[in-house]
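Now for the letters of each chain:
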Amino acid sequence: MSNSIQTVGIVGAGTMGNGIAQACATKGINVVMVDIADAAVQKGLATISGSLDRLIKKEKISEADKAAALALVKGSTSYDDLKGCQLVIEAATENPEIKNKILKQLDELLPAETVIASNTSSISITELAAQTKRADKFIGMHFFNPVPMMALVELIRGIQTSDATHDAVKALAEHLGKSPITVKNAPGFVVNRILVPMINEAFFVLAEGLATPEDIDAGMKLGCNHPIGPLALADMIGLDVCLAVMEVYLEQFGDSKYRPCYLLKEMVAAGHLGRKTGRGVYDYSAK
């Protein structure tokens, strides 16, 4: 199936939003990237520009490729600019209230044939779809960070998602050079359902003093061939995000095996959220 989606709207110019924008623009797709504040939009555009500069340094792309990609990305603070998009991807903060509000606004504004996707990593696609009057044209499109580098996209079908919607979004993901996997709707989908409890378990191992953070991470890298250890990965993801995901699992599944580690809770309470705050399991303040 050829890619029928030529213009993609993205709500949220943060890490995921600007990464998705870059992935689309470098493959010739027009992008409208919207955020509440112009400062956030400009920061997102600057991040894309810097990311493309790094690809030029590595001789993966040329200056002309960068200029062509940036020319396809329009930054905006107005949802009205999304009306011409065939697909709009919501990439806002992982907060159900925020996402629900955005999705209701998009549903009222966008033409009936526009597909809406959410880049959520843990919230029910069926529930998010129910915020709209186009549940058949709603899908989860979970990209992985950093989006330009990571090949995986989880396509999550809500109970109402149509085959046509799934097939169109799958074709787009393949056009972007991604390798999509199709997943039924359930908390955490596939990857995070396995990954985040593993990270949580690493915190239990750390809390019980079984090994140092360095040795725990070295064990998983060398013993399981992981490119990065679970504690270093938690710092990269954000300890607050890991905690929030575990809390969703505990609530949704009602199974105590998903209870967040008390050390993870303590570190989040202390504001040690990982790389973004300069300190998590490891100290990044000097870097």
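Predicted model only: the values in this text are computed from it and were never measured.

Thresholds applied
- Within any chain, residue numbers begin from 1 and follow the written order of that chain's sequence.
- Selection of residues for local features in this predicted model requires a pLDDT of at least 70, selection of side-chain atom pairs for listing and counting requires 80 or more, and totals for whole chains, interfaces and linings are taken over all residues.
- Processing note: side-chain calculations cover all non-hydrogen atoms of the structure and skip hydrogens and water entirely.
- For every element, the axis is a line fit to its C-alpha atoms; helices are fit only across the contacting stretch, and the angle between N-to-C directions ranges from 0 to 180 degrees.
- Numbering of helices and strands starts at the N terminus; helices are DSSP runs of H or I of at least 4 residues and strands are runs of E of at least 2.
- Just so you know how the angles are binned, under 35 degrees is roughly parallel, over 145 roughly antiparallel, 65 to 115 roughly perpendicular, and the rest oblique.
- Left-handed describes a crossing whose near helix is turned anticlockwise from the far helix by less than a right angle; the clockwise case is right-handed.
- In this analysis, two residues are considered to be in contact whenever any of their non-hydrogen atoms come within 4.5 Å of each other.
- The residue classification treats Ala, Val, Leu, Ile, Met, Phe, Trp, Tyr, Cys and Pro as nonpolar and Asp, Glu, Lys and Arg as charged. All others, Gly included, are polar.
- Using a 1.4 Å probe on the protein chains alone, a residue whose accessible area is under 20% of its type maximum counts as buried, one over 50% counts as exposed, and one in between counts as partly exposed.
- Note on pairing: DSSP must find at least two bridges between two strands before they are called paired.
- With its strands directed away from the observer, a crossover is right-handed exactly when the path from the first strand over the helix to the second travels clockwise.
- Each helix should span, by expectation, one fewer than its residue count multiplied by 1.5 Å.
- What qualifies as a polar contact is a pair of N or O atoms within 3.5 Å, subject to a donor-acceptor requirement within protein and to the restriction that residues adjacent in sequence count only when both atoms come from side chains.
- UniProt positions are given in the numbering used here, feature names are shortened, and annotations may be inferred rather than shown by experiment.

**Q** Could you clarify how one ought to interpret the packing of helix 2 (residues 38-57) against helix 3 (residues 63-71) in this entry?
**A** Pairs of packed helices are described in terms of their axes, by the angle between the two and the distance that separates them. The geometry of helix 2 relative to helix 3 is characterised by a closest axis approach of 10 Å and an angle of 160° between their N-to-C directions. The orientation of helix 2 relative to helix 3 falls into the category roughly antiparallel. Viewed along their axes, helix 2 and helix 3 form a crossing whose handedness is right-handed. Where helix 2 approaches helix 3, its residues I48, S49, L52, D53 and I56 are matched on the opposing element by E63, K66, A69 and L70. Its residues placed into classes, the contact of helix 2 with helix 3 shows 5 nonpolar, 1 polar and 3 charged.

**Q** Sorry, what's going on with the pairing of strand 4 (residues 87-90) here?
**A** Across a regular strand the side chains alternate sides, sitting on one face of the sheet and then on the other. Residues of strand 4 alternate between two faces, with L87 and I89 on one and V88 and E90 on the opposite face, all of them buried. As defined by bridge partners, strand 1 (residues 7-11) adjoins strand 4 across 4 bridges and the pair is classed as parallel. Looking at the pairing, V11 lines up with E90 of strand 4. Relative to strand 5 (residues 115-118), strand 4 runs parallel, the two sharing 4 bridges. Bridge assignment links V88 to a residue of strand 5, and that residue is I116. Handedness of the crossover is the feature at issue here: the chain leaves strand 4, passes through helix 4 (residues 96-109), returns alongside strand 5, and the resulting connection is right-handed.

**Q** Whenever I open this one, helix 4 confuses me. Can you help?
**A** Since the α-helix packs 3.6 residues into each turn, any two residues three or four apart lie on the same face. Here helix 4 contains 14 residues, and its C-alpha end-to-end distance of 20 Å stays within 8% of the 20 Å for a straight helix at 1.5 Å per residue. On its buried face, helix 4 is in contact with strand 1, strand 4, strand 5, helix 5 (125-129) and strand 6 (138-143). At the N-terminal end of helix 4, a side-chain oxygen is found 2.9 Å from the backbone nitrogen of E97, two or three residues along, and the residue is N95.

**Q** Got a minute to help me understand the UniProt feature "site: Important for catalytic activity" (unreviewed entry) in the protein chain in this structure?
**A** Taken from the UniProt record, the annotation "site: Important for catalytic activity" (unreviewed entry) applies to H142. With respect to the element layout, H142 can be found in strand 6. Accessibility expressed as a relative area gives 4% for H142, which makes it buried. When sequence neighbours within four positions are dropped, the list of residues in contact with H142 reads S118, N119, T120, S121, L152, V153, E154, I156, F189 and N192.

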